[in-house]
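# Notes for the structure review
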Amino acid sequence: MGEGINDYTQKLIDLRRHMWMAGVEVELRRLIWQIAVVGKYISAKIHEANRKQAGFKNVYGEEQLSLDRASDEILKNQLGFSGFVREYASEEQEGIVKLGDGTEKYIVTADPLDGSSLVDTNLAIGTIIGIHRESVFATGRATLVGALYITYGPLITMVYSAGKGTHEFVLNREGEYMLSEESIKLKERGSIFSPGGLRRDWTPAHRKLVEQLETSGYKLRYSGGFVPDINQIIIKKGGLFTYPALQKSPQGKLRLLFELQPMAYLMENAGGAATDGREDILNIKVEKLDQCSPVYIGSKTEVQLAKQYLSA
Ligand code: F6P
């Protein structure tokens, strides 16, 4: 058993030590560590791609996989070697991929490189991971035991939860993920909002909600990358991200399993909330891998407000 999550006096704590102190079970912490290491490889790939765009050639003259496919390959292979993962489901794969012999503890879901179309703009992008104990065809609340995302921005940061708070780490120059903020706690109400989808496609109820936020003085903060947009709400301790039901796509754009469940888990563990407008995101059952859902995620006041407007 560890020393207790709050018992230290100095802040120089790396990811592995933090998870040990937090009492995260051994296999889960090894798995989270392994995924965080994969983040370093993916960031190297992003860097390489940017160098190519800047006029550098691939010395081997190989046909290159797209960045999201390459990130998926790295992640899948590393998880296969880990010995802790029996199944892998990814935005980049058609179906669930079996890894190992089926006796391994976890099922991992991944959006290996979310927002990859932003790479050429040099805006931040990210990796989103869900870690499940049981079949993913259930609610997130029933199966998730951990979640994390990695943000590739001016800094590489990693935010994880294993059900005991949500914590942020920054990759330092020595290649270690160091604790930068422990047990992040959102305020009841924030001051920023990130509204996805075109205004002309919004439903009347959603439009009224956004008008209410604008009238109340919420500042618009939307990058077009789900990871940095959610990270912004977590680090600024409040606000609302939404990708709503649209007139022509009532289920919105974002994927329940790969994108929404992990972020909802992290947000709830930071004292926030996530809903589709009626139901908690973590209470929606996954029926198919590419299932989408509208989402309102962030601090409690705004999520509650969204529910009020959408049910009116
Ligand atoms: O799902 C991919 C994604 O790029 C997310 O990262 C982002 O939140 C969303 O789509 C942006 O969508 P749009 O381009 O419609 O604003």
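Whatever comes next refers back to the structure up there.
First, a word on what this report is: a plain description of the structure on this page. This one's a predicted model, so the numbers in the text were calculated from it and none came from an experiment. (Residues numbered from 1 in each chain as written. Predicted model: local features only at pLDDT ≥ 70, side-chain atom pairs only at ≥ 80, totals over all residues. Heavy atoms only, no water.)

### Concerning the sheet that holds strand 1 (residues 85–90)
- Across the sheet, which stays open at both edges, the 8 strands sit in the order 2-1-3-4-5-6-7-8 with mixed pairing between neighbours. With partners counted over all chains shown, the strands left at the sheet margins are strand 2 (97–98) and strand 8 (177–181), one partner each.
- Direction of pairing for strand 1 relative to strand 2: antiparallel, over a ladder of 2 bridges. Note on strand 2: the bridge partner recorded for Tyr88 is Val97.
- This element, helix 3 (residues 67–82), spans strand 1, strand 2, strand 3 (106–114) and strand 4 (125–132) of the sheet and lies at about 155° to strand 3.
- The sheet strands contacting helix 7 (residues 256–269) are strand 1, strand 3, strand 4, strand 5 (144–152) and strand 6 (156–161), and the helix crosses strand 5 at an angle near 100°. (Pairing = 2+ DSSP bridges. Helix = DSSP H or I, 4+ residues; strand = E, 2+ residues; numbered from the N terminus. Contact = heavy atoms within 4.5 Å. Axes fitted to C-alpha atoms, helices over the stretch in contact; angles between N-to-C directions.)

### A word on the layout of surface pockets
- In this structure, the largest pocket occupies an estimated 370 Å³ of space.
- Every residue lining the largest pocket is counted, 20 residues in all, and those nearest its centre are Asp114, Gly115, Lys253, Leu254 and Glu259.
- Mapped onto the lining of the largest pocket, the elements with two or more residues apiece are strand 3, helix 6 (226–235) and strand 11 (240–243).
- Ranked by residue count, the leading element in the lining of the largest pocket is strand 3, at 3 residues.
- Class assignment of the residues belonging to the lining of the largest pocket gives a composition of 6 nonpolar, 5 polar and 9 charged.
- When residues are assigned to domains, the lining of the largest pocket turns out to be shared by domain 1 (7–181) and domain 2 (192–311), each giving three or more. (1 Å grid on protein atoms, 1.4 Å probe; cavity = no way out; pocket = protein on both sides within 12 Å on 5 of 7 lines; lining within 4 Å. Points joined across faces, edges and corners; volume = space filled by probe spheres on them. Nonpolar A, V, L, I, M, F, W, Y, C, P; charged D, E, K, R; others polar. Domains from an automatic or database assignment.)

### Focus: unusual backbone geometry
- With a phi close to 45°, Ser183 is a non-glycine residue in the positive phi region.
- Turning to its location among the elements, Ser183 is positioned in the loop between strand 8 and strand 9 (192–195).
- By relative accessible area, Ser183 is classed as partly exposed at 35%.
- At Lys237, a position not held by glycine, the phi torsion is positive, near 65°.
- You can see Lys237 is positioned in the loop between helix 6 and strand 11.
- Among the residues examined, Lys237 registers a relative accessible area of 18% and is labelled buried. (Buried < 20%, exposed > 50% of the residue type's maximum accessible area, 1.4 Å probe, protein only.)

By themselves, these observations are geometric and do not establish any function.
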